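Architecture and fold: a report
Listed below, chain by chain, are the residues.
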Amino acid sequence: MNFINKLSAAWTANDSLLCVGLDPDMAKLPPQFQNDPDGIFKFCTEIIDATADLACSFKPQIAYFAALGAERQLENICSYLRANYPHIPLILDAKRGDIGATARQYAREAYDRYGADAVTVNPYMGSDSIEPYMEWSERGVIILCRTSNAGGSDLQFLQVDGKPLYQHVARLVAQKWNSNGQCALVVGATYPEELAQVRAIVGDMPLLVPGIGAQGGDIAATVASGKTADGSGMMINSSRAILYATRQPGEDFAAAARRVALETRDAINLHRG
Ligand SMILES: O=C(O)c1cc(=O)[nH]c(=O)n1[C@@H]1O[C@H](COP(=O)(O)O)[C@@H](O)[C@H]1O
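Residues numbered from 1 in each chain as written. Predicted model: local features only at pLDDT ≥ 70, side-chain atom pairs only at ≥ 80, totals over all residues. Heavy atoms only, no water.

Here is the key point about a regular strand: its side chains alternate between the two faces of the sheet. Going residue by residue along strand 4 (residues 118-121), you find Ala118 and Thr120 tucked away on one face and Val119 and Val121 tucked away on the opposite face as well. Here strand 3 (residues 91-96) pairs with strand 4 via three bridges, running parallel. Each residue of the ladder has a partner; that of Leu92, found in strand 4, is Val119. The pairing of strand 4 with strand 5 (residues 140-146) spans four bridges and is parallel. (Buried < 20%, exposed > 50% of the residue type's maximum accessible area, 1.4 Å probe, protein only. Helix = DSSP H or I, 4+ residues; strand = E, 2+ residues; numbered from the N terminus. Pairing = 2+ DSSP bridges.)

What follows is the structure in structure tokens.
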């Protein structure tokens, strides 16, 4: 099944637009995992087990693994996801962008080494830097458009031919790059007006929407601005707010993660119509 169909099925199966982000920061992990060479794997798989029936996707952020030389644990987490939750899309957040020959290696890393259903990429280097990913026609390519961070405005808001640059990216992807129907865009939940603009440009294309939870994005405004006519169309990501949800020492981290994931999923669903 291709990425878009798998995502669509997961939206329905779990009645969820919530993407659970896997950003394991060693300093924030429960103490039992900190001196364990397999601690990141154990932490992430417990989070996955606690939230898998509430999520439409999981999104490991590669920097949290690569910084610690923990790529083998990431491989094992991806294998675990594919074996135990094959119906839930696995998005590798790597935000890659490079010339075609190098992009081909990044595509192999994401789709082959980690077995990801989709990978995040940066559009700045243009169409030939994206094409190698498109050759994996069953996999998804999730392109940065209007990112959730304040500094995203430095370039993404530059006026080009009377429109902000991020709108040109949305149009370019919707009208040209998405010829095989495998693309999605990243638009931050911290910018609901821009989210609505992008939705108007791209029709029903799926959007990865980070920025609720720790970054403070408003769930009601996000859903109202980004949903498609059938009340879906988004993977709304939350990472730290779910991973580090314990309120007091000794509270079970996985149960706390489940509580916040459930609250977040339900808060999103309230506004889907
Ligand atoms: O592509 C992303 O996932 C992404 C794009 C963006 O514009 N903003 C953004 O925060 N992200 C990622 O989404 C996650 C947000 O994490 P929390 O702020 O902890 O929920 C991190 O893994 C970020 O790297």
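Within this structure, the stated rule accounts for nine aromatic pairs. A centroid spacing of 6.4 Å and a plane angle of 85 degrees characterise the contact between Tyr111 and Tyr133, whose relative ring orientation is edge-to-face. Note that Tyr111 is positioned in helix 6 (residues 100-113) and Tyr133 in helix 7 (residues 127-134), a separation of 22 residues in sequence. Aromatic side chains Tyr111 and Trp136 sit 5.2 Å apart centroid to centroid with 45 degrees between the ring planes, which places their arrangement in the tilted category. In this pair, Tyr111 sits in helix 6 while Trp136 sits in the loop between helix 7 and strand 5, placing the two residues 25 residues apart along the sequence. When the ring centre of Phe157 is taken as reference, the NZ or CZ atom of Arg146 above it lies at 4.4 Å. A cation sits over an aromatic face here: Arg146 above Tyr191, 3.7 Å from the ring centre. (Phe/Tyr/Trp six-rings, centres within 6.5 Å; stacked < 30°, edge-to-face > 60°. Lys NZ or Arg CZ within 6 Å of the ring centre and 35° of its normal.)

Describing two packed helices takes the angle between their axes plus the distance from one axis to the other. The geometry of helix 9 (residues 165-177) relative to helix 10 (residues 192-202) is characterised by a closest axis approach of 9 Å and an angle of 25 degrees between their N-to-C directions. In this view, helix 9 runs roughly parallel relative to helix 10, as classed from their interaxial angle. Between helix 9 and helix 10 lies a crossing of right-handed hand. Residue-level inspection shows Tyr166, Gln167, Ala170, Arg171 and Ala174 of helix 9 in contact with helix 10, the latter providing Glu194, Gln197, Val198, Ile201 and Val202. Classifying every residue of the contact of helix 9 with helix 10 by side-chain character gives six nonpolar, two polar and two charged. (Axes fitted to C-alpha atoms, helices over the stretch in contact; angles between N-to-C directions. Parallel < 35°, antiparallel > 145°, perpendicular 65-115°, else oblique. Left-handed = near helix turned anticlockwise from the far one by under 90°. Contact = heavy atoms within 4.5 Å. Nonpolar A, V, L, I, M, F, W, Y, C, P; charged D, E, K, R; others polar.)

So, on to the sheet that holds strand 8 (residues 183-187). Judged by pairing direction, the sheet is parallel, and its eight strands sit side by side in the order 2-1-10-9-8-5-4-3 without closing on themselves. Unpaired on one side and paired on the other, strand 2 (57-60) and strand 3 mark the two borders of the sheet. Each neighbouring strand pair of the sheet contributes to a mean axis angle of 30 degrees, computed without reference to strand direction. Inspection of the sheet shows strand 9 (residues 207-210) paired to strand 10 (residues 234-238) by four bridges, in the parallel sense. The residue bridging Pro210 from the neighbouring strand is Asn237, located in strand 10.

For the rest of this paragraph, the subject is helix 3 (residues 39-51). With 13 residues, helix 3 extends 18 Å from end C-alpha to end C-alpha; this agrees with the ideal 18 Å at 1.5 Å per step. Among the 13 residues that make up helix 3, ten are buried, leaving the element largely enclosed by the rest of the structure. Within helix 3 the residues assigned to the buried category are Gly39, Ile40, Phe41, Phe43, Cys44, Thr45, Ile47, Ile48, Ala50 and Thr51. (Expected span 1.5 Å × (residues − 1).)

With that settled, the discussion passes to unusual backbone geometry. At Asp15, a position not held by glycine, the phi torsion is positive, near 45 degrees. Here Asp15 is to be found in the loop between helix 1 (3-13) and strand 1 (18-22). Despite not being glycine, Lys95 shows a phi value in the positive range, around 50 degrees. Within the element layout of this structure, Lys95 appears in strand 3. Look at Lys95 and you get partly exposed, because its relative accessible area is 39%.

Turning to the layout of surface pockets, a few remarks are in order. In this structure, the largest pocket encloses a volume near 390 Å³. Mapped by element, the contributors of at least two residues to the lining of the largest pocket are strand 3, strand 9, strand 10 and helix 12 (240-243). A breakdown of the residues in the lining of the largest pocket according to their chemical character gives eight nonpolar, eleven polar and five charged. What the second largest pocket holds in volume is close to 320 Å³. Forming the walls of the second largest pocket are 17 residues, and the residues nearest its centre are Asn122, Pro123, Tyr124, Leu165 and Val169. Listed by contribution, the elements that provide at least two residues to the lining of the second largest pocket are strand 5, helix 8 (153-156) and helix 9. By residue class, the composition of the lining of the second largest pocket is nine nonpolar, seven polar and one charged. (1 Å grid on protein atoms, 1.4 Å probe; cavity = no way out; pocket = protein on both sides within 12 Å on 5 of 7 lines; lining within 4 Å. Points joined across faces, edges and corners; volume = space filled by probe spheres on them.)

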